[in-house]
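What the coordinates show
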Amino acid sequence: MIRDKNLSLQKRRAELLAQLGYPEDYLSEKPRCTLCGDTGYRGDGLCSCLKKYYAQEQIRELSRMLDIGSQSFDTFELDWYSPDRGSLPRSPRENAQRNLNLCRDFAARFRPGRENLLLFGAPGLGKTFLSACIARVVSEDGFSVVYDTAGHVFSQFESAKFRRDDDGDTAGEDVERCMNCDLLILDDLGTEMTTSFVQSALYQLLNGRLLTGEKYCYQHQSGPRRSWAAAMERRCCPVWRGEYQLLPFVGTDIRRLKRERG
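None of the values given here were measured: they were computed from a predicted structure. In this convention, every chain numbers its residues from 1, walking through the sequence in written order. Local features in a predicted model are, by the rule used here, given only for residues with pLDDT of at least 70; side-chain atom pairs are given and counted only at 80 or more, and totals for whole chains, interfaces and linings are based on all residues. As a rule here, side-chain values come from all non-hydrogen atoms in the structure, and water together with hydrogens is ignored.

This brings us to the overall build of the protein. Helix and strand labels come from DSSP, where a helix needs a run of H or I of at least four residues and a strand needs a run of E of at least two; each type is numbered from the N terminus. The helix and strand inventory of the protein stands at 9 helices and 7 strands. Only heavy atoms matter for contacts: two residues are in contact if any of them lie within 4.5 Å across the pair. Considering only residue pairs separated by 6 or more positions, the protein has 75% of its internal contacts joining residues 24 or more positions apart. Only the protein chains shown count as cover for residues, with accessible areas throughout obtained via the Shrake-Rupley method and a probe of 1.4 Å. Here the protein displays about 15800 Å² of accessible surface, and carbon together with sulfur accounts for 49% of that area.

The structure is reproduced here in structure tokens:
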């Protein structure tokens, strides 16, 4: 009797929905993704719906540090770089065009096992902008990206080593993310305080990621701390040599030019 009543109610519901112009299954719960039934997995791999969700969450996380919304390879302005070559093998504009092409290619063809990048030069020449462009494209392709400043990363290494992780401190998790993400972008390398621990942490970070084939893109600020670069070259030379492509940035501070031109 209960079964008959239930079927009668279902029939009545279908009739009412039809009168209102809705299909019979309008009120039935349906999965958003017809490919995986909202499980997030197809066979042994991730479904495209879950990959898209991961990419959106990564973009949201990266946007906390970067202006991901407006920074793209298409909006990189070469006009801020001088076309005058002077005594240089390339003019600042030609050099910027080369860096743009290399960064665009690195992002478009990103796969574990490709070369790493080391962007270096004075502040205000576009290193952070192009790094943000790389982060955006690689994230949208479904790879895991961590973008952080060198100072903060090394402080997390220090916290994970010397503090107990029992009071909500997430340093250990942050270190794991840096070690295991598909692409690590480390900003302002060389501006943090140089200590034996920092050198050891950087060596651990470089060596660990190179051994597992994970990629990195580092930005080194040239300037008064050249002794830091020399010290790290001696310390990490066996790890660094041949593992990254150098992208020098030259020219006049673009932020200063924008202020001067209003």
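On we go.
Right, let's get into helix 4 (residues 127-140). Look at helix 4: 20 Å from first C-alpha to last across 14 residues, which is about the 20 Å you get at 1.5 Å a residue. Each residue gets one of three labels from its accessible area relative to the maximum for its type: buried under 20%, exposed over 50%, partly exposed in between, using a 1.4 Å probe on protein chains only. All of the buried residues along helix 4 are Lys127, Leu130, Ser131, Ala132, Cys133, Ile134, Ala135, Val138 and Ser139. Immediately beyond the C-terminal end of helix 4, within one or two residues, lies Gly142, with a positive phi of roughly 95°. To estimate the expected span of a helix, subtract one from its residue number and multiply by 1.5 Å.

All right, on to a nonpolar patch on the surface then. Judged by side-chain polarity, Tyr41, Leu46, Tyr53 and Tyr54 come together as a nonpolar surface patch covering roughly 410 Å² of accessible area. Along the chain, the position of Tyr41 falls in strand 1 (residues 41-42). What makes Tyr41 partly exposed here is its relative accessible area of 48%. Patch membership is restricted to residues that have no salt bridge and whose relative accessible area is over 30%. Joining uses 9 Å for like charges and 5 Å for the nonpolar side chains Val, Leu, Ile, Met, Phe, Trp and Tyr. Any Lys or Arg side-chain nitrogen located within 4 Å of an Asp or Glu carboxyl oxygen qualifies as a salt bridge.

Our focus in this paragraph is the packing of helix 3 (residues 92-108) against helix 4. Each pair of packed helices gets described by two things: the angle between the helix axes and the distance between those axes. Between helix 3 and helix 4, the shortest axis-to-axis distance is 8 Å and the interhelical angle comes to 20°. The orientation of helix 3 with respect to helix 4, classified from their angle, is roughly parallel. Crossing handedness for the pair helix 3 and helix 4: right-handed. Residues Asn99, Leu100, Cys103, Phe106, Ala107 and Ala108 of helix 3 touch helix 4, and the partners they reach there are Leu130, Ile134, Val137 and Val138. For helices, the axis comes from a line fit to the C-alpha atoms of the stretch in contact; other axes are also lines fit to C-alpha atoms, and the angle between any two N-to-C directions lies between 0 and 180 degrees. In this scheme, roughly parallel covers angles under 35 degrees and roughly antiparallel covers those over 145, while 65 to 115 is roughly perpendicular and the rest are oblique. Take the far helix as your reference; a near helix turned counterclockwise from it by less than a right angle gives a left-handed crossing, and one turned clockwise gives a right-handed crossing.

Here the protein averages 76 in pLDDT, while 74% of its residues score no lower than 70. This stretch, residues 223-229, has a pLDDT under 50; its non-local contacts, to residues over four places away or in other chains, come to 11 contacts. Confidence scores here are pLDDT values: one per residue, from the predictor, ranging 0 to 100.

It is worth spelling out the pattern of salt bridges at this point. Inspection of the entire model under this criterion finds 7 salt bridges. Linking Arg12 and Glu15 is a salt bridge whose minimum nitrogen-to-oxygen distance equals 3.6 Å. Taken as a pair, Arg12 and Glu15 lie in helix 1 (residues 2-19) at a separation of 3 residues, close to a single helical turn. You can call Arg12 partly exposed: its relative accessible area is 42%. Looking at Glu15, the relative accessible area reads 35%, which means it is partly exposed. Among the ionic pairs, Glu140 bridges to Arg136, the shortest N-O distance being 3.5 Å. Placement of both Glu140 and Arg136 in helix 4 is noted, with a separation of 4 residues, approximately one turn of the helix.

Quick look at the side chain of Ser131 now. The topology assignment puts Ser131 in helix 4. Assessed through its relative accessible area of 0%, Ser131 is described here as buried.

On to the nonpolar core. If you look at the biggest cluster of nonpolar residues, it comprises 28 residues, and the most contacted ones within it are Phe73, Ile134, Val138 and Leu183. Apart from the residues lying within four places of it in its own chain, the contact partners of Val138 are Ala107, Phe110, Phe143, Val145 and Leu183. Within this scheme, the nonpolar core is defined by two criteria: the residues are buried Ala, Val, Leu, Ile, Met, Phe, Trp, Tyr or Cys, and they are joined through side-chain atoms within 4.5 Å.

What follows is about the side chain of Asp187. Relative to the assigned elements, Asp187 resides in strand 5 (residues 183-189). Two residue types count as positive, namely Lys and Arg, and two as negative, namely Asp and Glu; His and chain ends fall outside the count. Of the side chains with opposite charge, Lys127 lies nearest to the buried Asp187, which makes no salt bridge, at 7.0 Å. Under the rule applied, a polar contact is a pair of N or O atoms within 3.5 Å (in protein, one hydrogen donor and one hydrogen acceptor; residues adjacent in sequence only if both atoms are side-chain atoms). Here Tyr147 takes part through its side chain, which lies 3.1 Å from a polar atom of the side chain of Asp187.

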